[in-house]
Amino acid sequence: MEEYELAIIGGGPTGLFSTFCAGLRDIKSVTLEALSEASGQILKFYPVKDVLDVPGIPSIKGMDLSKALITQAKLFGAEITLNSKVTDVRKDGENFLIEVNGESKYKSKAVLICTGIGSLRPTKINVPGEDIYEEKGVYYSVIDREAFSGKTVAVIGGGDAGFDWANQIIGSCKKIYIVEYMQNVKAMERSVNDLLKTGKAEILTSFEVKEIIGDGSKVSSLKIAGVKTGEVKNLAVDAVIVAIGHKTEPYSLKSLDIELVNKKIKVDENMSTNVPGIYAAGDCAVFSSRPKMGLLAVCFSDAYMAVNNIKRYLNPASSVFGEHSTNLKLG
Ligand SMILES: Cc1cc2nc3c(=O)[nH]c(=O)nc-3n(C[C@H](O)[C@H](O)[C@H](O)COP(=O)(O)OP(=O)(O)OC[C@H]3O[C@@H](n4cnc5c(N)ncnc54)[C@H](O)[C@@H]3O)c2cc1C
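Our subject in this report is the structure included herewith. (Residues numbered from 1 in each chain as written. Predicted model: local features only at pLDDT ≥ 70, side-chain atom pairs only at ≥ 80, totals over all residues. Heavy atoms only, no water.)

1. Focus on the overall build of the protein
Helix and strand counts for the protein stand at 6 helices and 22 strands. Principal axes of the C-alpha set define a box for the protein whose edges measure 70 × 40 × 40 Å. Each of the 331 residues in the protein was classed as buried or not, and the buried ones make up 46%. Partitioning the intrachain contacts of the protein with sequence separation of at least 6 by distance along the chain shows that 60% fall at a separation of at least 24. (Helix = DSSP H or I, 4+ residues; strand = E, 2+ residues; numbered from the N terminus. Buried < 20%, exposed > 50% of the residue type's maximum accessible area, 1.4 Å probe, protein only. Contact = heavy atoms within 4.5 Å.)

2. Some thoughts on the site of the ligand
In the vicinity of the ligand there are 32 residues, among which Thr 14, Glu 33, Tyr 46, Asp 53 and Leu 296 approach most closely. Measuring from an oxygen atom of the ligand, one finds a side-chain N or O atom of Thr 14 at 2.7 Å. A distance of 2.4 Å separates an oxygen atom of the ligand from a polar atom in the side chain of Tyr 46. Bound to the protein, the ligand loses 87% of the 1000 Å² it would expose on its own. For the shell around the ligand, a count of residues per class yields 15 nonpolar, 13 polar and 4 charged. (Near = heavy atom within 4 Å. Polar contact = N/O pair within 3.5 Å; in protein donor to acceptor, adjacent residues only side chain to side chain. Areas by Shrake-Rupley, 256 points an atom, 1.4 Å probe, with all protein chains shown as cover. Nonpolar A, V, L, I, M, F, W, Y, C, P; charged D, E, K, R; others polar.)

3. Focus: helix H4 (residues 160-169)
Think of an α-helix as turning once every 3.6 residues; residues three or four places apart then point the same way. When we look at burial in H4, the residues that qualify are Gly 162, Phe 163, Trp 165, Ala 166, Gln 168 and Ile 169. Residues of H4 that are buried in the fold lie against helix H2 (41-45), strand S11 (152-156), strand S12 (175-180), helix H5 (189-197), strand S13 (201-205) and strand S17 (239-242).

Below you can see the structure in the form of structure tokens.
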């Protein structure tokens with residue numbers, strides 16, 4: 001069994017920056033990410049949007065921030081292990097046993113939980129054709145805008161996410177249909193108006209998707225029916241983007257009695273939980289005494305605080321504050 005000083009659970013922005021901080025403090029760490037890609041909410045929710053509030057970076061696309069965070073996390077050679085969902089953590093003498101995908105895999109002296117809003121899975125519409133054309137015309141986010149260039153696209157879901165995706169691609173698309181089950185769309189007015197102003201969008205409310213049709217290798221149409229009227233329409237489309245939300249599976253701390261506040265992990269000012277050796281940071285962690293914002297800058301600050309305090313937990317003779325990164329000579 002592989003042994004580490006620190007196991008970081010979750011490879012979102014908090015986990016990635018914690019990985020960098022662990023390297024900075026010379027802590028042998030492993031970062032375990034449930035999904036096949038690191039970066040958490042950034043890649044799932046806003047890969048092609050401009051992030052404007054990362055200090056010192058006036059504007060950066062989510063996707064570019066994700067790449068930069070991963071590069072920075074690996075600066076000191078730390079391991080980031082993908083497709084590794086932590087299913088339990090148990091106390092084992094002085095160590096913790098980390099169970100990954102149902103199997104005890106790692107031993108670690110300390111654990112930093114950075115699971116954010118939990119493992120994310122897009123909600124499916126569950127209609128015939130959806131699974132057949134997944135990634136071959138059916139998508140759950142927009143990672144590559146060019147993939148929709150010149151195409152007619154149906155976006156399923158008239159919420160903020162649906163309109164956001166639609167606005168990201170409308171410039172190069174031929175036409176976009178927004179298909180919404182409810183009587184009205186729920187996205188922000190500005191987002192709706194921006195899309196309609198292009199003259200290339202049509203909003204179909206009170207319609208539900210019945211089937212995604214194609215030739216086996218690509219999508220050719222979408223069958224929808226009026227929720228109340230039953231009126232059937234076949235829309236000729238090249239692609240379907242499903243934007244009806246994500247299911248989150250919060251990390252369940254089965255074997256450790258960790259104190260929670262409103263389903264989030266309660267931490268003290270050192271980012272320590274009530275279980276010695278277990279720390280939490282980022283969106284999954286809260287202080288009971290004050291409100292906490294779900295923002296990247298806050299996550300990065302949490303990560304620094306947590307890792308420096310973990311350093312002292314691992315070696316009580318260490319200072320909480322290491323040194324400025326500007327003191328380091330790399331390469
Ligand atoms: C639409 C949207 C736009 C946003 N825009 C901004 C913005 O402009 N500026 C800003 O500052 N903030 C923004 N945010 C907020 C910001 O993205 C979050 O605060 C940040 O992503 C939280 O990072 P995190 O690492 O704590 O959690 P997450 O990003 O949720 O990452 C958690 C990671 O842990 C993994 N994980 C969960 N459970 C397990 C497990 N059991 N085992 C292994 N891995 C696990 C998940 O797969 C995920 O990768 C936005 C959020 C959204 C939804």
